[in-house]
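Next come the chains, spelled out residue by residue.
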Amino acid sequence: MLRLDRFMTLYYFRPLRELGSGKGTAIPILMYHSISEAHEAAHPYYRVNTSPKMFAGQMRFLAAQGYRTITLQELTNNEPVGKSVVITFDDGFSDFYFKANPILKEHGFRATVFLITASVGESFNGRRCLDWGQIRELYAAGVTFGSHSHTHRQLRYLDRSAIVQELRRSKGTIEDKLGCAVFDFSYPYRFPEENREFKGLIGEELTNAGYARCVTTIIGRYRSGDDPMLIKRLPVNSSDDASFLDAKLNGSYDWLHVAQVAIKRLRGLLSWQC
């Protein structure tokens, strides 16, 4: 299946970057969801599943390239040195416990898992989620946990009081169950970065709730000075072979954010004219 984003990344932006167009230090934050063999009919760009075999290969690649994993706290509070990467998992599926974590441990890698607290021990989108026993075991072994809201609703369509409830209830639940402070939040669904009013609202309420960082679906890598409540990430799934993953890690995929913003603005303009 033809992928324009892959073609442009590997055959235009990567060669351009190798000629010296990339400047500055940026840290990649990888966004995973499920590590399983589940089949997805969606276009490869929209898939959220990574097979265990592919995930193992991706982690071997990171290790072979000399990457070390850091937490989001280390990312925003310090100036990362060397080849650093943050590995995140949204939704808190139980396959993290059975499939992902053993592979991470092989390489001494750390990860952050974002929980939908209403789905802990239950299912979300037809997939079993971690239970509190597994979460406690993983936490004791060094896995960091953050909030992915309480019920994974589209926050931009909720009133302010409902948003506050989603943010605070999930944070409080994790803190009560694990006995630790929670500072990291992962925004559910696509982040509406074109909506300035909502960006201000969600940033304010995240801060009020006690969060220090928010990762989003905005494509790109983190640079020192970026807004900690609008952290960019790089989506990864079974379609990311070594070549494509390397291009993402090194910044050749960052161009897609500019294209996405342009498309969103064009859609907004056309909608307004109609």
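Below is a summary of the structure that appears in this document. Within each chain, residues carry numbers counting from 1 in the order of the written sequence. Side-chain atom pairs in this predicted model are given and counted only at pLDDT of 80 or more, local residue features only at pLDDT of at least 70, and totals for whole chains, interfaces and linings cover all residues. Only hydrogens and water are removed before side-chain values are computed, so all heavy atoms of the structure are retained for them.

1. A closer look at helix α4 (residues 95-106)
Moving on, step 1. In this model α4 runs 16 Å from its N-terminal to its C-terminal C-alpha over twelve residues, within 8% of the 16 Å that 1.5 Å per residue would give.
Moving on, step 2. Each residue's exposure class comes from its accessible area (1.4 Å probe, protein chains only) as a fraction of the maximum for that residue type: buried when under 20%, exposed when over 50%, partly exposed otherwise. Here a strand is any run of E in DSSP of at least two residues, a helix any run of H or I of at least four, and the numbering for each starts at the N terminus. Those residues of α4 not exposed but buried are D95, F96, A100, N101, I103 and L104. Seen along its axis, α4 keeps its buried residues to an arc of 160°; they face one direction. Seen from the buried face of α4, the exposed residues on the opposite side, beyond 90 degrees, are F98, K105 and E106.
Moving on, step 3. Where α4 is buried, its residues meet β2 (34-35), α2 (52-64), β5 (84-91), β6 (112-115) and α5 (132-140).
Moving on, step 4. Two residues or fewer after α4 comes G108, characterised by a positive phi angle close to 70°. One fewer than the residue count of a helix, multiplied by 1.5 Å, yields its expected span. It is the directions from the helix axis to the C-beta atoms that the arc portrays. Whether two residues are in contact is decided by their heavy atoms: any pair within 4.5 Å suffices.

2. Here's the deal with the state of the cysteines
Moving on, step 1. Disulfides are defined as cysteine sulfur pairs within 2.5 Å. A complete count under the given rule lists zero disulfides for this structure.
Moving on, step 2. Just so you know, C129 is unpaired, no disulfide at all, and the nearest cysteine sulfur is the one on C180, 19 Å from it.
Moving on, step 3. Here C214 is not disulfide-linked; the sulfur of C180 is the nearest cysteine sulfur, at 18 Å.

3. Brief notes about the packing of α2 against α4
Moving on, step 1. At a closest axis distance of 10 Å, the pairing of α2 and α4 adopts a crossing angle of 20°. Taken together, the axes of α2 and α4 are roughly parallel relative to one another. Handedness of the crossing formed by α2 with α4: right-handed. Contacts from P52, F55, A56 and M59 of α2 reach α4 at K99, A100, I103 and L104.
Moving on, step 2. Per-class residue counts for the contact of α2 with α4 are seven nonpolar, no polar and one charged. Fitted lines through C-alpha atoms serve as axes, helices being fitted only where they are in contact, and the angles separating the N-to-C directions of these axes extend from 0 to 180 degrees. Oblique is the label for any angle not covered by the other classes, which are roughly parallel (under 35 degrees), roughly antiparallel (over 145) and roughly perpendicular (65 to 115). In a left-handed crossing the near helix is turned counterclockwise from the far helix by less than a right angle, and in a right-handed crossing that turn is clockwise. For this scheme, ten residues count as nonpolar: Ala, Val, Leu, Ile, Met, Phe, Trp, Tyr, Cys and Pro. Four count as charged, namely Asp, Glu, Lys and Arg, and the remainder, Gly too, count as polar.

4. A closer look at the packing of aromatic side chains
The description of an aromatic ring pair rests on the distance of the ring centres and on the angle between the ring planes.
Moving on, step 1. Aromatic rings from Phe, Tyr and Trp, with only the six-membered ring used for Trp, were paired whenever their centres fell within 6.5 Å, and each pair was classed as stacked if the ring planes differed by under 30 degrees, edge-to-face if by over 60, and tilted otherwise. With the rule as written, the count across this model stands at 15 aromatic pairs.
Moving on, step 2. For the ring pair F191 and F198, a centre distance of 6.3 Å and an interplane angle of 55° mean the geometry is tilted. Across this residue pair, the class does not change: F191 and F198 are buried.
Moving on, step 3. The rings of Y32, F55, F89 and F96 are connected pair by pair, giving a single aromatic cluster.
Moving on, step 4. Two thresholds decide whether a charge sits over a ring: the Lys NZ or Arg CZ must be within 6 Å of the ring centre and within 35 degrees of the ring normal. Just above the ring of F183 sits the side chain of K171; from NZ or CZ to the centre is 5.9 Å.
Moving on, step 5. We note K171 situated over the ring of Y211; from NZ or CZ to the ring centre the distance is 5.9 Å.

5. So, the side chain of R221
Moving on, step 1. Along the chain, R221 falls in the loop between β11 (213-219) and β12 (231-235).
Moving on, step 2. Its relative accessible area of 10% is what places R221 among the buried residues.
Moving on, step 3. Among the polar contacts made by the side chain of R221, one reaches the side chain of D254 at a distance of 2.9 Å.
Moving on, step 4. Aside from chain neighbours lying at most four places away, what touches R221 is A26, I27, P28, D226, K232, L234, K248, L249, N250, G251 and D254. Identification of polar contacts relies on pairs of N or O atoms within 3.5 Å, with a donor-acceptor requirement for protein atoms, meaning one able to donate a hydrogen and the other able to accept it, and with residues adjacent in sequence counted only if both atoms are side-chain atoms.

6. Some words on the environment of F61
Moving on, step 1. Position of F61 among the secondary structure elements: in helix α2.
Moving on, step 2. When the C-alpha positions of F61 and L72 are compared, they lie 21 Å apart, and in sequence the two are eleven residues distant.
Moving on, step 3. F61 has contacts with A242, L245, D246 and L249, leaving out every residue within four places of it along the chain.

7. Overview of α2
Moving on, step 1. Between its first and last C-alpha atoms α2 spans 18 Å; for 13 residues at 1.5 Å apiece the expected length is 18 Å, and the two agree.
Moving on, step 2. Listing the buried residues of α2 in full gives P52, F55, A56, Q58, M59, F61 and L62.
Moving on, step 3. Close packing links the buried residues of α2 with β1 (29-32), β2, β3 (49-50), β5, α4 and α8 (242-249).
Moving on, step 4. Following α2 by one or two positions, G66 adopts a phi angle in the positive range, close to 85°.

8. What about the packing of α5 against helix α6 (residues 160-178)?
Moving on, step 1. Orientation of α5 relative to α6, taken along the N-to-C sense of each, is 70°, at an axis distance of 10 Å. By the angle between their directions, the pair α5 and α6 is classed as roughly perpendicular. When α5 is examined against α6, the residues W132, I135, R136 and Y139 are found in contact with a partner set consisting of T173, I174, K177 and L178.
Moving on, step 2. Taken together, the residues that form the contact of α5 with α6 break down as five nonpolar, one polar and two charged.

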